[in-house]
Amino acid sequence: MENKTSTKKVRASLGTLGVLGMELVLMDAPPTTAYLQIYTDKRCQANCRFCSQAAGADGDLKQIARGQYMPSDLDEVVRRLGIAFERGYLKRACIQTVMYSDMWGDTTHLIGRIREVSSIPISLSVFPLSDDKFVALKEMGVEELVIPLDACNPELFSKIKGKDADSIYEWDTHLDGIRRAAHVFGKGAVGTHLIIGMGESAEDALMLIDELHAEGVHSALFAYTHMPGTREVTTNLNVDHYRSVQFGAYLIREGIASFADMTFNDGKVTDFGIPDSQLIGYVERGDAFKTTGCPDCNRPYATETHQEIFNFPKDPNAEEILMIKQQLGLGE
Ligand code: SF4
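Every chain's residues receive numbers from 1 upward, in the order its sequence appears when written. Restriction of local features to residues with pLDDT of at least 70 applies here, the model being predicted, together with a cutoff of 80 or more for giving and counting side-chain atom pairs; totals for whole chains, interfaces and linings are based on all residues. Note: side-chain values were computed over all heavy atoms of the structure, leaving out hydrogens and water.

1. Thoughts on the site of the ligand
Moving on, step 1. Taken together, Tyr35, Cys94, Gln96, Ser123, Val146, His193, Gly293, Cys294, Cys297 and Arg299 are the residues near the ligand.
Moving on, step 2. In terms of residue class, the shell around the ligand is made up of 5 nonpolar, 4 polar and 1 charged. One heavy atom within 4 Å of a molecule or strand is enough for the residue carrying it to be called near that molecule or strand. Residues are grouped as follows: Ala, Val, Leu, Ile, Met, Phe, Trp, Tyr, Cys and Pro are nonpolar; Asp, Glu, Lys and Arg are charged; all remaining types, including Gly, are polar.

This is the structure we're talking about:
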């Protein structure tokens, strides 16, 4: 085990390597979480349409959405991660997994190595595992467990990462995994990832976010990004759609309004369920438009470019708030 390449290497995002001093990267918003992925040179056994690493994709294994996860020396990354956490540069380590035969051993090896040097909070993003494995991960020190649904309803799930995509996942099994994980890790310590722009309506997305929120499960939003070597997805991504889901999700998350308070027409939000005077105040605060997910996760440029920002990795400035208002149809 100790001599395997997969236990000597880890994939780390370029931004993470910049903060760790292992790459020279100029950043206007450095990551506040270290983004890592267990190392393998194999393709994932699952076949999600959007993913460069999928079984049937021809994409680059270094790529997760727009991020470049470079194979790096595991011991050096872990050593520097301990220092960066002590100094307050990084507040969390996020480990992404891939489905392959040695996944469990490689994942637990990485978690164990991090825990040897640091008490940095660890998030793990993984497909549904057995209850015993959830318990083992919690005992090893995983603090947040994330099971990505990615799609916002069962039909889209099948098309994007289930049967209709020649993949192995099932909506019910994923939801069951999320619920079992919430039982083990506790409410508030389990989340999912949702990719917006894969054909869902705002109504689909907000209904699901509201249901999960009621079960103590948080939803991190991503914007669909087409990657070279992946199959086509019919995308309905546009920034106005994204903003309405993002703002509705904020109102739900903060307990300001629920899905039941909101009104929709043809899947689009027509009323967020709060008076306009309050709505403007919440928009102007800007929090609603920042990256969501585990605590201290800002994922800079994970799905954005400098020209088009979906998730703000830091507080939006006055000019950006004006733009957001227009995107939400609140233009002055
Ligand atoms: S929300 Fe952020 S920290 Fe949590 S699993 Fe997703 S990317 Fe990682």
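From this point, the discussion proceeds with the structure in view.
2. So, the sheet that holds strand β8 (residues 190-196)
Moving on, step 1. Should DSSP find at least two bridges between two strands, the strands are regarded as paired. Numbering of helices and strands runs from the N terminus; a helix is a DSSP stretch of H or I covering at least four residues, while a strand is a stretch of E covering at least two. The sheet built from 9 strands is open, its strands ordered β3-β4-β1-β2-β5-β6-β7-β8-β9 with mixed pairing. Both outer strands of the open sheet, β3 (63-64) and β9 (217-223), are each paired with one neighbouring strand and no more.
Moving on, step 2. Pairing of β3 with strand β4 (residues 67-73), which is carried by 2 bridges, proceeds in the antiparallel orientation. From the neighbouring strand, Ile64 faces β4, where its bridge partner is Gly67.

3. What to know about the side chain of His241
Moving on, step 1. Along the polypeptide, His241 turns up in helix α9 (residues 239-253).
Moving on, step 2. Note on His241: relative accessible area 12%, which makes it buried.
Moving on, step 3. His241 has contacts with Ile196, Glu200, Ser201, Ala202 and Asn236, leaving out every residue within four places of it along the chain. Note on classification: 1.4 Å probe, protein chains only; a residue is buried when its accessible area is under 20% of the maximum for its type, exposed when over 50%, partly exposed between these limits. The contact criterion used is simple: two residues touch if any of their non-hydrogen atoms lie within 4.5 Å.

4. Focus on the side chain of Thr292
Moving on, step 1. With respect to the secondary-structure elements, Thr292 resides in the loop between α10 (276-285) and α11 (318-327).
Moving on, step 2. Under the relative-accessibility criterion, Thr292 is labelled buried at 8%.

5. Looking at the pattern of salt bridges
Moving on, step 1. Just to be clear on terms, a salt bridge is a Lys or Arg side-chain nitrogen sitting within 4 Å of an Asp or Glu carboxyl oxygen. On inspection of all chains with the given rule, the structure shows 12 salt bridges.
Moving on, step 2. Salt-bridge contacts for Arg92 lead to Glu143; the nearest nitrogen and oxygen are separated by 2.7 Å. Note that Arg92 is positioned in strand β5 (residues 92-96) and Glu143 in strand β7 (residues 142-146), a separation of 51 residues in sequence.
Moving on, step 3. Given the relative accessible area of 3%, Arg92 is considered buried.

6. Details of α9
Moving on, step 1. One less than the residue count of a helix, multiplied by 1.5 Å, gives the span that helix is expected to have. End to end, α9 covers 20 Å across 15 residues, agreeing with the expected 21 Å (1.5 Å per residue, within 8%).
Moving on, step 2. Across the 15 residues that make up α9, a large majority, 13, are buried.
Moving on, step 3. The opening residue of α9, the one whose side-chain oxygen lies 3.0 Å from the backbone nitrogen of Asp240, is Asn238.
Moving on, step 4. At the C-terminal side of α9, Gly255 shows a positive phi close to 70°. Polar contact is the term for a pair of N or O atoms within 3.5 Å; when the atoms are in protein, one must be able to donate a hydrogen and the other to accept it, and sequence-neighboring residues count only if both atoms are side-chain atoms.

7. Let's talk about helix α8 (residues 202-214)
Moving on, step 1. An ideal rise of 1.5 Å per residue puts 18 Å on 13 residues; α8 measures up with 18 Å between its terminal C-alpha atoms.
Moving on, step 2. Along α8, the residues that are buried comprise Ala202, Ala205, Leu206, Leu208, Ile209, Asp210 and Leu212.
Moving on, step 3. Just downstream of α8, Gly216 is the residue with a positive phi angle, here 80°.

8. A short note on the packing of α8 against α9
Moving on, step 1. Relative orientation of the contacting elements α8 and α9 amounts to 20°, with a least axis distance of 10 Å. Looking at the two axes, α8 sits roughly parallel to α9. Between α8 and α9 the crossing geometry is right-handed. Two secondary-structure elements touch here, α8 through Ala202, Ala205, Leu206, Ile209, Asp210 and His213 and α9 through His241, Ser244, Val245, Gly248, Ala249, Ile252 and Arg253. To obtain an axis, a line is fitted to C-alpha atoms, over the contacting stretch when the element is a helix, and the angle between two such axes runs from 0 to 180 degrees between their N-to-C directions. For classification purposes, an angle smaller than 35 degrees is called roughly parallel, one larger than 145 roughly antiparallel, one from 65 to 115 roughly perpendicular, and anything else oblique. With the far helix as reference, a near helix turned anticlockwise by less than a right angle produces a left-handed crossing, and one turned clockwise produces a right-handed crossing.

9. A closer look at the environment of Lys290
Moving on, step 1. Inspection of the secondary structure puts Lys290 in the loop between α10 and α11.
Moving on, step 2. Note on Lys290: relative accessible area 26%, which makes it partly exposed.
Moving on, step 3. Sequence separation of Lys290 and Arg253 is 37 residues, and the distance between their C-alpha atoms is 13 Å.
Moving on, step 4. One polar contact links Lys290 to Asp315, side chain to side chain, over a distance of 2.8 Å.

10. What about the nonpolar core?
Moving on, step 1. We call a set of buried residues a nonpolar core when its members are Ala, Val, Leu, Ile, Met, Phe, Trp, Tyr or Cys and they connect through side-chain atoms within 4.5 Å of each other. Core analysis: the largest hydrophobic core is formed by 96 residues, its most contacted members being Ile114, Leu145, Leu149, Phe185, Leu206, Phe247 and Leu251.
Moving on, step 2. Excluding its chain neighbours within four sequence positions, the residues that come into contact with Phe247 are Phe272, Leu279, Tyr282, Val283, Ala288, Phe289 and Leu328.

11. Points about the packing of helix α5 (residues 131-140) against helix α7 (residues 171-185)
Moving on, step 1. α7 packs onto α5 with a crossing angle of 40° between their chain directions and a minimal axis gap of 10 Å. Judged on the interaxial angle alone, α7 and α5 are oblique. Seen along the crossing, α5 lies across α7 with a hand that is right-handed. Contact residues: α5 offers Asp131, Phe134, Val135, Leu137 and Lys138, while α7 offers Gly177, Arg180, Ala181, Val184 and Phe185.

12. What about the packing of aromatic side chains?
Moving on, step 1. When the centres of two rings from Phe, Tyr and Trp lie within 6.5 Å, Trp using its six-membered ring, the rings pair. Their planes under 30 degrees apart give stacked, over 60 give edge-to-face, and anything left gives tilted. Under the definition given, this model contains 8 aromatic pairs.
Moving on, step 2. Arranged with centres 5.8 Å apart and planes meeting at 75°, the rings of Phe157 and Trp171 form a pair that is edge-to-face. Of the two residues, Phe157 sits in helix α6 (residues 154-161) while Trp171 sits in helix α7, which places them 14 residues apart along the sequence.
Moving on, step 3. Taken together, Phe247, Tyr250, Phe272, Tyr282 and Phe289 form an aromatic cluster joined through their ring pairs.
Moving on, step 4. Lysine and arginine charges are scored as sitting over a ring when NZ or CZ, respectively, is within 6 Å of the ring centre and within 35 degrees of the ring normal. Just above the ring of Phe222 sits the side chain of Arg299; from NZ or CZ to the centre is 3.9 Å.

13. Regarding the environment of Thr270
Moving on, step 1. Along the chain, the position of Thr270 falls in strand β11 (residues 268-271).
Moving on, step 2. Owing to a relative accessible area of 51%, Thr270 belongs among the exposed residues under this scheme.
Moving on, step 3. Once residues within four sequence positions are removed from consideration, Thr270 is found in contact with Thr263, Phe264 and Asn265.

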